[in-house]
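Structural features, examined
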Amino acid sequence: MANVIIVGAQWGDEGKGKVVDLYTEFADVVVRFGGGANAGHTLVVGDQKLITHLIPSGVLRGRGKRCVLAGGMVIDPKTLLEEIAELKSRGLLQDDKDLVISTAAHVILPEHREVDRLRELGKNAIGTTKRGIGPAYEAKMARRGVRMIDLIHPERLKELLLRSREELAQYIAERGGTFTPLEQELEESLAYGQKIKRYFTDTSSYVHQEMTRGRHVLFEGAQGALLDIDHGTYPFVTSSSTIAAGACTSCGIGPTSIDAVIGIAKAYTTRVGGGPFPTELGGENATVSDAALGEQLRKVGHEYGSTTGRPRRCGWLDVAALRLAARWNGMSGIALTKLDVLSKMKRVKICVGYKVNGREMSELPCDINEIEGAQPIYEELEGWDADTTSARDFESLPTAAQRYVRRIEALVGVDIGLISVGPARAETIMIKNPFR
Ligand code: GDP
Ligand code: IMO
Ligand code: MG
């Protein structure tokens, strides 16, 4: 039996979709555990490209792979139904039994999206995806949120929608925002509930039963460790727990059920949205040559947001940040993605630590007061010219690329069990499979 958690080890968009899709071959159940439609996970199979926002990447593997949306998620029912319709139109998700949605997951209401939008107009904008994620988690924590189960209880739902209005009306009105009229919102929400209820389950009990039957469960993280609400670069983070422990809380399963935690990391770093990013090659103070390198990464790596289309900020690999991700997640292995994007760089740099107020630190200082003055300490390695996309085993990589990978392993102290050299399934070097 193997139950494996996959998490993003950086600021999101590490290639979780591709890696989860690959590992799903060996899993029976795939559970998405955090966030909502702020995520965008890209799956490439043959000439088909699919971006999922809510439904786990297991969906590409066809019938019999159960896709679970766990209780810790925040779900926009309209987006969910659109995603289900799109998947069905592509011949996927044909059996309703393959989709399992927690009755305890929270609902993103139109006013959550509106508050998110209005906040992003102000001076405290953090570059959110404007999907209403923050306001929905706020409502949950304030114990006034709407849960999926409420969508099929009209009286209760009306009460909750009224409560939501009471809390948010002034904020929205003062900023010239709009509310969907109550009767319309109630009617639409109830209609969504009728369509979604066939998938409703107590997902904690469901996943536990599947584990007891010896079925393999893969937990698909969203976002990345540095966007974690408790540990990330606060306040420039998302509103949920993005690390491995979040899978347990969200799903209601104990940590002792987990056999492996794989952190997905790009061979360089990207970030979309605001917030500190010390190894960024670009931004206001970048030199011309650094900005050009950042642009090269963006261009070659197609670094544009899967959810919002925003250009992603690009920079060198930050091992001092990866060490944090390894610690927070208890990472047992790393899947290193997009190594192909670094081809044709004359030299490559790895950030191995920081200088903060004259002090050397081996981990990224996440505290906003420290991180802003933190100076990356770089180690420089020789680059490689050759294309790596056709490599299928480690030895076929250019020697300099092999050295780069080995150096990352040594610096983080975690083995690299998979190297991705292109977006397609086949463009992968599988070294150690966590399900075997
Ligand atoms: P996720 O949010 O972590 O699932 O990542 P995204 O899908 O938002 O972004 C990753 C992007 O990189 C997608 O466009 C993938 O198709 C692509 N990708 C994944 N692995 C590789 C790789 O090894 N090489 C290249 N060139 N692209 C990759
Ligand atoms: P995947 O799963 C990259 C970022 C946003 C913003 C911050 C808060 O595809 O890796 P939010 O809308 O969550 O309140 O925005 O978090 N963010 C992501 N960045 N990948 C993601 O998901 C992200 N989800 C949220 O850009 O900086
Ligand atoms: Mg993404």
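Owing to the predicted nature of the structure, the values given are computational and were not obtained by experimental measurement. (Residues numbered from 1 in each chain as written. Chains lettered and ligands numbered in written order. Predicted model: local features only at pLDDT ≥ 70, side-chain atom pairs only at ≥ 80, totals over all residues. Heavy atoms only, no water.)

A closer look at the packing of helix α10 (residues 319-329) against helix α12 (residues 399-412)
- For the pair α10 and α12, the least separation of the axes is 9 Å and the interaxial angle reads 55°. In terms of axis orientation, α10 runs oblique to α12. Of the two possible hands of crossing, α10 and α12 adopt the one that is right-handed. Residues V319, L322, R323 and A326 of α10 form the contact with α12, whose own contacting residues are I408, L411 and V412.
- Residue classes in the contact of α10 with α12 are distributed as 6 nonpolar, no polar and 1 charged. (Axes fitted to C-alpha atoms, helices over the stretch in contact; angles between N-to-C directions. Helix = DSSP H or I, 4+ residues; strand = E, 2+ residues; numbered from the N terminus. Parallel < 35°, antiparallel > 145°, perpendicular 65-115°, else oblique. Left-handed = near helix turned anticlockwise from the far one by under 90°. Contact = heavy atoms within 4.5 Å. Nonpolar A, V, L, I, M, F, W, Y, C, P; charged D, E, K, R; others polar.)

A word on the site of ligand 1
- Taken together, 19 residues lie near ligand 1, and K16, T42, S306, D340 and S420 sit nearest.
- Here an oxygen atom of ligand 1 and a backbone polar atom of K16 are 2.7 Å apart.
- G17 has a polar backbone atom sitting 2.8 Å from an oxygen atom of ligand 1.
- Within the complex, 93% of the 590 Å² of free accessible area of ligand 1 lies under protein.
- Counting only elements with at least two residues in the shell around ligand 1, the list comes to α1 (16-23) and β3 (41-45). (Near = heavy atom within 4 Å. Polar contact = N/O pair within 3.5 Å; in protein donor to acceptor, adjacent residues only side chain to side chain. Areas by Shrake-Rupley, 256 points an atom, 1.4 Å probe, with all protein chains shown as cover.)

A look at the coordination of the magnesium ion (ligand 3)
- Only D13 (OD) and G40 (O) from the protein coordinate the magnesium ion (ligand 3), and they sit 2.0 to 2.2 Å from it. Here D13, found in the loop between β1 (3-8) and α1, pairs with G40, found in the loop between β2 (29-32) and β3; they are 27 residues apart in sequence, far enough to count as distant.
- Residue classification places G40 among the buried positions, given a relative accessible area of 11%. (Donors = N, O, S within 2.8 Å, 3.2 Å for Na, K, Ca; no water. Buried < 20%, exposed > 50% of the residue type's maximum accessible area, 1.4 Å probe, protein only.)

A few points about helix α4 (residues 133-141)
- Considered for burial, the residues of α4 that qualify are I133, G134, P135, A136, Y137 and A139.
- Just downstream of α4 lies R143, where phi reads positive at about 60°.

Some thoughts on the layout of surface pockets
- Of the pockets and cavities examined, the largest pocket occupies roughly 890 Å³.
- Surrounding the largest pocket, 44 residues form its lining, I126, T128, V237, T238 and S239 being those nearest its centre.
- For the lining of the largest pocket, the secondary structure elements donating two or more residues are α3 (110-119) and α4.
- Broken down by element, the lining of the largest pocket gets its largest block of residues, 6 residues, from α4.
- Tallied by class, the residues present in the lining of the largest pocket amount to 16 nonpolar, 19 polar and 9 charged.
- Counted as a void, the second largest pocket has a volume near 590 Å³.
- Among the secondary structure elements, those contributing two or more residues to the lining of the second largest pocket are α1, β3 and β4 (48-52).
- When its residues are assigned to classes, the lining of the second largest pocket shows 6 nonpolar, 11 polar and 9 charged.
- Looking at which domains feed residues into the lining of the second largest pocket, each of domain 1 (3-105 + 198-262) and domain 3 (267-430) supplies at least three. (1 Å grid on protein atoms, 1.4 Å probe; cavity = no way out; pocket = protein on both sides within 12 Å on 5 of 7 lines; lining within 4 Å. Points joined across faces, edges and corners; volume = space filled by probe spheres on them. Domains from an automatic or database assignment.)

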